[in-house]
Structure formats: C-alpha cells, structure tokens
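# A closer look at the structure
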Amino acid sequence: MTGVTDHGGGVWSIPVPIPDNPLGHTLVHLLDTDRGPVLVDTGWDDPTAWDTLATGLAACGTSVAEVHGVLITHHHPDHHGLSARVREASGAWIAMHAADAEVVRRTREAEPTRWLDYLAGKLAAAGAPEEHLAPLRAARAAGRADALPGTRAAQPDRHIPPGELLDLPGRRLRAVWTPGHTPGHVCLHLEEAHPAAGEGLPGHGRLFSGDHLLPEISPHIGLYEDPDDATVTDPLGDYLDSLERVAALDPAEVLPAHQHAFTDAPRRVRELLRHHEERLAGLRALLLAAPLTPWQLAEAMEWNRPWADIPYGSRNIAVSEAEAHLRRLVKLGRAEPVPGTDPVAYQAR
C-alpha cells in the first residue's frame, strides 16, 4: 500500500516519510506535463523515503528516471532532501526561488562548524543558559557538524520567478512568492479548472501550498538565518502579508505538503491571522508583567507540550519563533528592548 492519492487532472500526491518527526511525512506532488512528470518537492534524504518515493511514482504509472523537473517550494530538508538523487537518476532540472537558492548556496559553501559558531552565539545573545550552549560548544571543539541536515543540499539549476507562469507545456502553473516560513518560500497556483468544478466546487484552480498554508497547524515562523547579514528582517510580517496574498487567489482546493488536501483557503487564512494576533497579544501581556529575554519568552510561551519536555533541537526552533514574534511586536511599536541589558531583554510599550 503506497498511500498515493489521485487528485484528478494529472495530479497525484505521494506521502514520503520523515524519519523521527511528528509530522510523519511530506506530501510530494506529481504533476503530469506534456514533457513528462514534474515533482513538487521530493522529501527527506533517507533510504526509506527514497524507496517510498520510487514506489509511489510507480503507482502513478511512471518512475524516477522519467521525471522531467523538480519544483521546490522551499529549501528545508523534508522538501528538498531527495532532489539531488532525483536529478542523478533522471537528469531532471531543479527549480527554487532565488532567495532560498541563495540559502542553499551559502550553506553548501560554509564550513559546517561556521553554523555551530553562529548558532551558539545567537542562542547566547537570546539568553540561553550555559547548559544549553555546552553541547554546541563541545561539538564545535570536536569539529562535529556532519549531523546538521541540509549542509550539502542540491544546488538548483533554475530559479522560480514569482508571478510568472512556469515553463510547463500543457499546464498553467503560476508561482506565488510567499515568504515567512523561509525567505524564498513559494506556492504554486494551478490555474486550471478543478476536476470537480462541474460539481459546484467554488474557487479558482488548485494551490500547491508547501508549508505556507496547512489545514490544522501553523508553520514555524522563525528568523531568517544568515551569519553574514545583519539586516533586521520581519519574517512574521512577511508571513502575514503572504497569507493575505494567498487568500486573494481563492483556490478551489489547497494541496499542502503536510497533513491533507482541503478547501476554503480564505477561511483557513482568517484562522491563522487570528491565531498570530492572539499570540502576539499574549506575548505582549507576558512582557507587561516583566522584561524577558527571547529565551525566557520562549520558556513562557504555550507550545504543544511543557517546556521541560521539548527536545533540545526543538528548543532552538522555539527560541527563533519567539524572536520572530518579538521582531513583529517591536515593528508594531508594542515592545522595545530594555537599554543596557545583556543578553537583551524586551519590555512592552
């Protein structure tokens, strides 16, 4: 049993497993074109994931060797991990938004220990305790950085130009730039009549939404990480703006990279906008009670489990999300750094 779903009109989804991850799998989508099959994302670089992808493609009546191209919604390893193997097996091109392609290039060219240095410094500045920093410093001293995913991801051959129809003969697929989850995240709008349009399904076409729009969970919104760029970005603001852009498309159906396909994208966008507004208000209330560092704020935030039960790596992600929300609060004039604090604490305004 492959779990492959035929969505009709030359579109399929293949659930490719993510090892040791509560999300379970990435939905890799297959789009038939006049030049051959094109994949939207590829899944995690893992032997079981590779076998699952190959078996799923066979269930769709094709094979890895026949893949014509790969469209990557964003650079994360559960989406881009198998791209190199697909290209090696088929000669397919790989396309990604320029901003995420730059992340891939920068990560490939940097010494892996550079990222350990950056992460340790970033967490220290956020107020992480010494016991959290010690494993990073030990790994750095031992030169161990091979476990970091994505350090040798495939460099794309092409860029996905936002706003333009992609060169896919026989299909109308338009790229929609939706930064937030990553700086170069894209959704892909299939501007063709939905197979169920004759049954009264409202909306316009279908949207491959990657991680931008998911039916039941909110994607992680953290800081855009670049050790060599001190530009103060606003990823959460980018994400909220991108949500509005997707709602305006009003697709008949959303085909996300996790969970399941769903309808009524505008309703889901409204839910996410409300969720983040409530989260920002809750964090400001915490800062009204006392100034907090990003680490302390992350400890106080509500997660899907108590802070004590959150694994080491997930704590790093949680702190990045706290920092992204702080950036948004500062930009909105609802919070400010406390002068003279080190690490920097924030207070409500």
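In what follows, the structure referred to is the one given above.
In short, a report on the structure. Because the structure is predicted, anything quoted here is derived from the model rather than measured.

The rules we used
- Every chain begins its residue count from 1, and numbering advances along the sequence as written.
- Only residues with pLDDT of 70 or above have their local features reported here, since the model is predicted, and side-chain atom pairs are shown and tallied only from 80 upward, although totals for entire chains, interfaces and linings are computed over all residues.
- With hydrogens and water set aside, each side-chain value is computed from the structure's full complement of heavy atoms.
- Note on aromatic pairs: the rings of Phe, Tyr and Trp (six-membered ring only in Trp) are paired at centre separations within 6.5 Å, and the planes decide the class, stacked below 30 degrees, edge-to-face beyond 60, tilted for the rest.
- Runs of E in the DSSP output that reach at least two residues are strands. Runs of H or I that reach at least four are helices, and both are numbered from the N terminus.
- Only protein chains enter the accessibility calculation, which uses a 1.4 Å probe. A residue is then buried if its area is under 20% of the maximum for its type, exposed if over 50%, and partly exposed in between.
- Interaxial angle, 0 to 180 degrees, is taken between N-to-C directions of lines fitted to C-alpha atoms, where a helix line uses only the stretch in contact.
- Convention used here: angles under 35 degrees read as roughly parallel, angles over 145 as roughly antiparallel, angles from 65 to 115 as roughly perpendicular, and any remaining angle as oblique.
- Handedness of a crossing follows from how the near helix is turned relative to the far one, being left-handed for an anticlockwise turn of less than a right angle and right-handed for a clockwise one.
- Whether two residues are in contact is decided by their heavy atoms: any pair within 4.5 Å suffices.
- Pairs of N or O atoms within 3.5 Å make up the polar contacts considered here, provided that, within protein, one atom can donate a hydrogen while the other can accept it, and that residues adjacent in sequence are counted only when both atoms are side-chain atoms.
- An arc is given here, and it is the one of the directions from the helix axis to the C-beta atoms.
- Strands are labelled as partners when DSSP assigns at least two bridges between them.
- Crossover handedness is defined here as right-handed if the route from the first strand over the helix to the second strand goes clockwise, with the strands pointing away from the viewer.

This brings us to the packing of aromatic side chains. In the structure shown here, the tally under the stated rule is two aromatic pairs. Arranged with centres 6.0 Å apart and planes meeting at 85°, the rings of Trp115 and Tyr118 form a pair that is edge-to-face. Here the residue Trp115 and the residue Tyr118 both occupy positions in helix α5 (residues 112-125), the gap between them amounting to three residues, near one helical turn. Looking at Trp115, the relative accessible area reads 13%, which means it is buried. Between Trp295 and Trp307 the ring centres are 5.5 Å apart and the planes differ by 85°, which places this aromatic pair in the edge-to-face class. With a gap of twelve residues between them, Trp295 in helix α9 (residues 294-300) and Trp307 in the loop between α9 and α10 (312-331) connect regions that are remote in the sequence. Taken individually, Trp295 and Trp307 each receive the classification buried, so the pair is uniform in this respect.

Take unusual backbone geometry next. Asp342 connects to Pro343 through a cis peptide bond whose omega is 0°. Looking at the element boundaries, Pro343 is found in the loop between β12 (335-337) and β13 (346-348). Positive phi is not limited to glycine here, since Asp20 has a value of about 55°. As for its position among the elements, Asp20 is in the loop between β2 (11-17) and β3 (25-31). Phi is positive for Asp41, which is not a glycine, with a value near 70°. As for its placement among the helices and strands, Asp41 is situated in the loop between β4 (38-40) and α1 (47-59).

Turning our eyes to something else, we now look at the packing of helix α6 (residues 130-141) against α10. One can describe the packing of α6 onto α10 by two numbers: an axis separation of 12 Å at closest approach and a directional angle of 110°. What the angle tells us is that α6 and α10 run roughly perpendicular. In this structure, α6 crosses over α10, and the sense of that crossing is left-handed. Residue-level inspection shows His132, Pro135 and Leu136 of α6 in contact with α10, the latter providing Tyr312, Arg315 and Asn316.

This part covers the side chain of Ser320. With respect to the secondary-structure elements, Ser320 resides in helix α10. Overall, the relative accessible area of 5% leaves Ser320 in the buried class. At 2.9 Å, the side chain of Ser320 and the backbone nitrogen of Leu223 are in polar contact. Once residues within four sequence positions are removed from consideration, Ser320 is found in contact with Lys122, His220, Ile221, Gly222, Leu223 and Glu225.

This part covers helix α3 (residues 83-90). Burial in α3 covers these residues: Ser83, Val86 and Ser90. Down the axis of α3, the buried set is contained in an arc of 60°. They therefore lie on one face. Packing partners of the buried residues in α3 comprise β4, α1, β5 (69-71), α2 (77-80) and β6 (93-96).

Once that is clear, we can look at the pairing of strand β11 (residues 253-256). Moving residue by residue along a regular strand, the side chains alternate between the two faces of the sheet. Alternating positions in β11 separate into two faces, Glu253 and Leu255 on one and Val254 and Pro256 on the other, with burial throughout. Of the strand pairs in this sheet, strand β10 (residues 206-210) and β11 are connected by four bridges, and their pairing is parallel. Bridge pairing links Phe208 to Leu255 in β11. In this view, the connection linking β10 to its parallel neighbour β11 by way of helix α7 (residues 235-249) has right-handed handedness.

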